[in-house]
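Now for the letters of each chain:
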Amino acid sequence: MADLEALVNAFTGLGVDEKSLIENLGKSHPEHRTSFRKRTPHFFIEDERSFERWNDHRVKLLKHEFMRFKNTLVLWAMHPWERDARLVKEALKKGPQSYGVIVEIACTRSSEELLGARKAYHSLFDHSIEEDVATHIHGSERKLLVALVSAYRYEGPKVKEDAAKSEAKILANAIKNGDKKNPIEDEEVVRILATRSKPHLKAVYKHYKEVSGKNIHEDLDASDLILKETVECLCTPHAYFSKVLDEAMSSDAHKNTKKGLTRVIVTRADVDMKEIKEEYNNLFGVSLSKKIEDKANGNYKDFLLTLITRDN
Amino acid sequence: MASLKVPASVPPPYEDAEQLHKAFEGWGTNEGLIISILAHRNAAQRNLIRQVYAEAYGKDLLKDLDKELSSDFERTVLLWTLDPAERDAYLANEATKRFTSSNWVLMEIACTRSSHDLFKVRQAYHARYKKSLEEDVAYHTTGDFRKLLVPLVSTFRYEGEEVNTMLAKSEAKILHEKISDKAYSDDEIIRILTTRSKAQLNATLNNYNNAFGNAINKNLKEDSDNDFLKLLRATIKCLTYPEKYFEKLLRLSIKKLGTDEWALTRVVTTRAEVDMERIKEEYHRRNSVTLDRDIAGDTSGDYERMLLALIGHGDA
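Residues numbered from 1 in each chain as written. Chains lettered and ligands numbered in written order. Predicted model: local features only at pLDDT ≥ 70, side-chain atom pairs only at ≥ 80, totals over all residues. Heavy atoms only, no water.

Caption draft 1: Representation of the pattern of salt bridges. As enumerated under the stated definition, the model contains 52 salt bridges over all chains in all. Of the charged contacts, one joins A:Arg191 and A:Glu188 as a salt bridge, the two residues approaching to 2.9 Å between their closest N and O atoms. Here A:Glu188 and A:Arg191 lie together in helix α11 (residues 187-195), a separation of three residues that amounts to about one turn. The residues A:Arg191 and A:Glu188 share a single accessibility class, namely buried. B:Glu277 is paired through a salt bridge with B:Lys280; the nearest N and O atoms lie 3.4 Å apart. With a gap of three residues between them, B:Glu277 and B:Lys280 both fall in helix α18 (residues 276-287), about one helical turn apart. Note on B:Lys280: relative accessible area 15%, which makes it buried. One network of salt bridges, in which partners are shared, links A:Glu167, A:Glu187, A:Glu188, A:Arg191, A:Arg196, B:Glu135 and B:Arg146. (Salt bridge = Lys/Arg side-chain N within 4 Å of Asp/Glu carboxyl O. Helix = DSSP H or I, 4+ residues; strand = E, 2+ residues; numbered from the N terminus. Buried < 20%, exposed > 50% of the residue type's maximum accessible area, 1.4 Å probe, protein only.)

Here it is as structure tokens:
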């Protein structure tokens with residue numbers, strides 16, 4: 001039944017297809033709905049008392065999907081400072097798998113934007129960002145994360161090539177000796193990544209390849225995820241954002257990973273969306289718009305597409 | 001309270017600029033005139049004078065001061081004329097280059113300025129030195145000192161008065177544990193001292209005293225030669241009783257004890273517009289003589305006159 005497929009599609013993916021649901025479910029007769037319930041075992045369970053029951057977990061997931069549009073709007077209308085402060089707070093609450101968001105905010109915002117987020121955090125939560133990050137994070141990444149959220153990087157273009165070269169060597173050594181000492185806890189690694197300006201770090205990134213033969217993040221593996229994300233956010237942010245977007249839209253994405261789609265588009269639409277779209281196309285061979293068209297539904301999809309095509 | 005005395009009716013900035021320009025003319029410089037103007041203008045007024053001076057004479061007032069004055073007096077006038085954020089940036093930058101006392105100056109600036117003012121220092125540092133403050137501090141320090149100083153200059157403490165008493169208890173306990181283990185640069189000590197709000201820290205340290213019978217600094221006195229411990233004690237003092245910290249610094253400087261030769265100039269110029277009156281009270285309480293008298297006894301000439309004017313002495 002074509003309608004059945006359309007109905008299931010309306011509930012599959014990111015967000016829900018409101019129009020399709022109105023068309024299909026709204027106009028359905030009781031026997032259509034019975035048929036729907038009987039033929040979607042992942043939505044409805046056959047109850048022992050002879051009726052088809054909604055799968056509770058599925059309803060919960062549906063709730064998230066319906067809320068995706070609302071959350072996007074709320075986040076979009078929010079002041080960027082409040083937005084970033086709330087994202088950090090949420091990441092701290094969610095725990096280690098979400099610490100990448102803290103890295104993202106600390107490293108991809110401008111110095112003034114990060115200062116703004118810190119001010120908003122004071123207002124919203126009566127604590128400083130660094131205070132909460134230091135209190136809630138206990139692992140080896142604590143030092144780096146506290147330093148990253150405390151940074152107020154110089155933003156001028158001036159770079160000392162000699163210093164960049166020697167710091168590339170320092171990083172290369174620290175990563176090479178990674179089995180003896182975790183590079184994320186190395187005080188020089190933290191110093192370089194958390195205090196140097198972004199232009200300087202881009203020069204370090206370039207020299208690193210000359211020193212070690214590979215790019216820094218290629219020398220880091222999954223066990224150094226936070227360190228890897230730090231380097232990516234600081235040196236190759238558009239590639240980083242493209243990856244977050246792609247992971248969010250993959251079929252088996254974890255529910256936290258899926259939130260990356262909303263987060264990246266809302267927080268970058270006014271900043272560097274054009275560059276991110278280009279990089280996405282380079283990396284994945286398909287336009288971001290097309291991918292969102294495929295993977296998202298309804299108002300949520302329309303809103304995202306509107307955000308990313310505003311200046312076309 | 002500030003000790004700075006500004007006259008009830010202040011001449012317009014162009015008049016001050018003109019007088020200052022006159023003060024540099026001729027054979028010598030009219031230091032008295034410089035003192036009588038600059039030592040009686042607040043930061044906003046001094047900024048205006050600098051602006052007007054630059055517009056009228058095409059040069060930076062501070063560059064002209066630099067040419068005309070010498071030694072302690074010059075340093076005092078130079079530091080004083082700078083806008084507070086610029087001044088702190090200048091002092092911090094100087095501190096990253098010097099070997100002795102440098103850590104102290106960095107700690108002092110990081111701990112005794114408000115969150116807002118410390119951030120203004122970081123902004124002034126960008127503008128003047130084309131680098132970030134934390135970048136330079138990190139680069140020029142190592143080990144435990146870096147571990148303490150970089151977070152201190154980078155923190156943006158919450159400034160509310162709220163206190164969590166349970167947290168104060170638990171963090172006092174943590175501090176006591178680490179100190180008893182002689183783990184003075186432990187991550188937890190650093191975390192508490194460099195991220196908690198001043199109100200929360202005060203509560204924690206009071207709790208420490210109540211629970212363990214000694215003020216924390218008493219427990220940290222164990223090794224008097226340990227430079228890191230000295231800095232740690234001073235950090236705690238700056239965060240909780242800055243006027244006591246400054247009193248001691250002045251006392252040691254005047255009595256020529258300690259190695260911080262520029263302390264007198266630095267404390268007077270950086271606190272005259274902030275809490276010099278409180279520091280004077282503390283000085284009198286501790287030493288039974290006024291700061292004015294000891295400065296007069298220890299210094300001379302224009303340097304003495306400038307310092308006395310800044311601490312609000314008489315009609316100087």
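Caption draft 2: View of the interface of chain B and chain A. Across the boundary between the two partners, chain B contributes 28 residues, which contact 27 residues of chain A. Carbon and sulfur atoms make up 55% of the area that chain B and chain A hide from each other, which totals about 2500 Å². Viewed at the interface, chain A and chain B are joined by five salt bridges. The closest approach of N and O atoms between B:Arg196 and A:Glu131, which form a salt bridge, is 2.8 Å. The interface formed by chain B and chain A contains 18 residue pairs in polar contact (both at pLDDT 80 or more). (Contact = heavy atoms within 4.5 Å. Buried area = accessible area lost by both parts, 1.4 Å probe. Polar contact = N/O pair within 3.5 Å; in protein donor to acceptor, adjacent residues only side chain to side chain.)

Caption draft 3: Molecular detail of the UniProt feature "binding site: Ca(2+) 3" (unreviewed entry) in chain B. Residue and element names in this part refer to chain B. The feature "binding site: Ca(2+) 3" (unreviewed entry), as annotated in UniProt, sits at Asp298 in this numbering. Judged by relative accessible area, which is 25%, Asp298 ranks as partly exposed. Not counting the four nearest positions on each side in its chain, Asp298 is found in contact with Ile254, Lys256 and Leu264. One polar contact links Asp298 to Lys256, side chain to side chain, over a distance of 2.7 Å. (UniProt positions renumbered as here; feature names shortened; annotations may be inferred.)

Caption draft 4: Broad picture of helix α8 (residues 129-136) of chain A. The buried fraction of α8(A) is high, at six of eight residues. Residues of α8(A) that are buried: A:Ile129, A:Glu130, A:Glu131, A:Asp132, A:Val133 and A:Ala134. At its buried positions, α8(A) is contacted by α5 (80-94), α7 (111-125) and α9 (142-150) of chain A together with α12 (187-195) of chain B.

Caption draft 5: Structural context of the side chain of A:Arg268. Among the structural elements, A:Arg268 can be located in helix α16 (residues 255-268). Not counting chain neighbours up to four residues away, the residues in contact with A:Arg268 comprise A:Thr108, A:Arg109, A:Phe241, A:Met273 and A:Ile276.

Caption draft 6: Spotlight on the nonpolar core. Membership of the largest hydrophobic core comes to 90 residues, with the highest contact counts inside it found for B:Leu65, B:Met107 and B:Ile295. By residue number, the principal contributor to this core is helix α15 (residues 227-240) of chain B, which donates eight residues. If we ignore the near neighbours within four places in the chain, the residues touching B:Leu65 are B:Phe24, B:Ile34, B:Leu38, B:Val77, B:Leu78 and B:Thr81. Listed in part, the 75 residues of the second largest apolar core include A:Ala106, A:Ile175, A:Val264 and A:Leu304. (Core = buried A, V, L, I, M, F, W, Y, C linked by side-chain atoms within 4.5 Å.)

Caption draft 7: Fine view of the UniProt feature "binding site: Ca(2+)" (unreviewed entry) in chain A. Residues and elements named next belong to chain A. Taking the numbering used here, the UniProt-annotated feature "binding site: Ca(2+)" (unreviewed entry) corresponds to Phe11, Gly13, Gly15 and Glu65. For the annotated residues, spread through 55 residues, the largest C-alpha to C-alpha distance comes to 8.2 Å, consistent with a single compact locus. Summarising the element assignment, Phe11 is placed in the loop between α1 (2-10) and α2 (18-24). On the basis of relative accessibility, which here comes to 8%, the residue Phe11 falls in the buried class.

Caption draft 8: Seen up close, the packing of aromatic side chains. Tallying each qualifying case throughout the model produces 18 aromatic pairs over all chains. Judged by centre distance (5.9 Å) and plane angle (70°), the rings of A:Phe69 and A:Phe303 are edge-to-face. You can see A:Phe69 sitting in helix α4 (residues 56-77) and its partner A:Phe303 sitting in helix α19 (residues 298-308), a full 234 residues away along the chain. A:Phe69 sits in the partly exposed class, given a relative accessible area of 22%. Ring geometry for B:Trp104 against B:Tyr245: centres 6.5 Å apart, planes inclined by 15°, an arrangement best described as stacked. Of this pair, B:Trp104 sits in helix α7 (residues 102-112) while B:Tyr245 sits in helix α16 (residues 242-254); the two residues are 141 residues apart in sequence, bridging distant segments of the chain. Classification of B:Tyr245 by relative accessible area gives buried; the value is 3%. (Phe/Tyr/Trp six-rings, centres within 6.5 Å; stacked < 30°, edge-to-face > 60°.)

Caption draft 9: Representation of a positive patch on the surface. Residue and element names in this part refer to chain B. A surface patch of like charges, here positive, comprises Lys218, Lys221, Lys248, Lys255 and Arg286. Inspection of the secondary structure puts Lys221 in the loop between α14 (216-219) and α15. Classification of Lys221 as exposed rests on a relative accessible area of 55%. (Patch = residues over 30% accessible without salt bridge, like charges linked within 9 Å, V, L, I, M, F, W, Y side chains within 5 Å. Areas by Shrake-Rupley, 256 points an atom, 1.4 Å probe, with all protein chains shown as cover. Lys, Arg positive; Asp, Glu negative; His and termini not counted. Charge placed at Lys NZ, Arg CZ, Asp CG, Glu CD.)

Caption draft 10: Representation of the confidence of the model for chain B in the model. Averaged over all residues, the pLDDT of chain B equals 91, while 95% of them reach at least 70. For this predicted complex, the interface confidence comes out at an ipTM of 0.88, alongside a pTM of 0.91. (pLDDT = per-residue confidence, 0-100.)

Caption draft 11: View of α11(A). Among the nine residues in α11(A), eight count as buried, and that is most of the element. Taken as a whole, α11(A) has its buried residues at A:Glu188, A:Val189, A:Val190, A:Arg191, A:Ile192, A:Leu193, A:Ala194 and A:Thr195. Buried residues along α11(A) sit against α9, α10 (161-176), α12 (198-212) and α14 (225-235) of chain A together with α9 (133-140) and α10 (143-154) of chain B. Capping of α11(A) at its N-terminal end is provided by A:Asp186; its side-chain oxygen lies 2.7 Å from the backbone amide nitrogen of A:Glu188.

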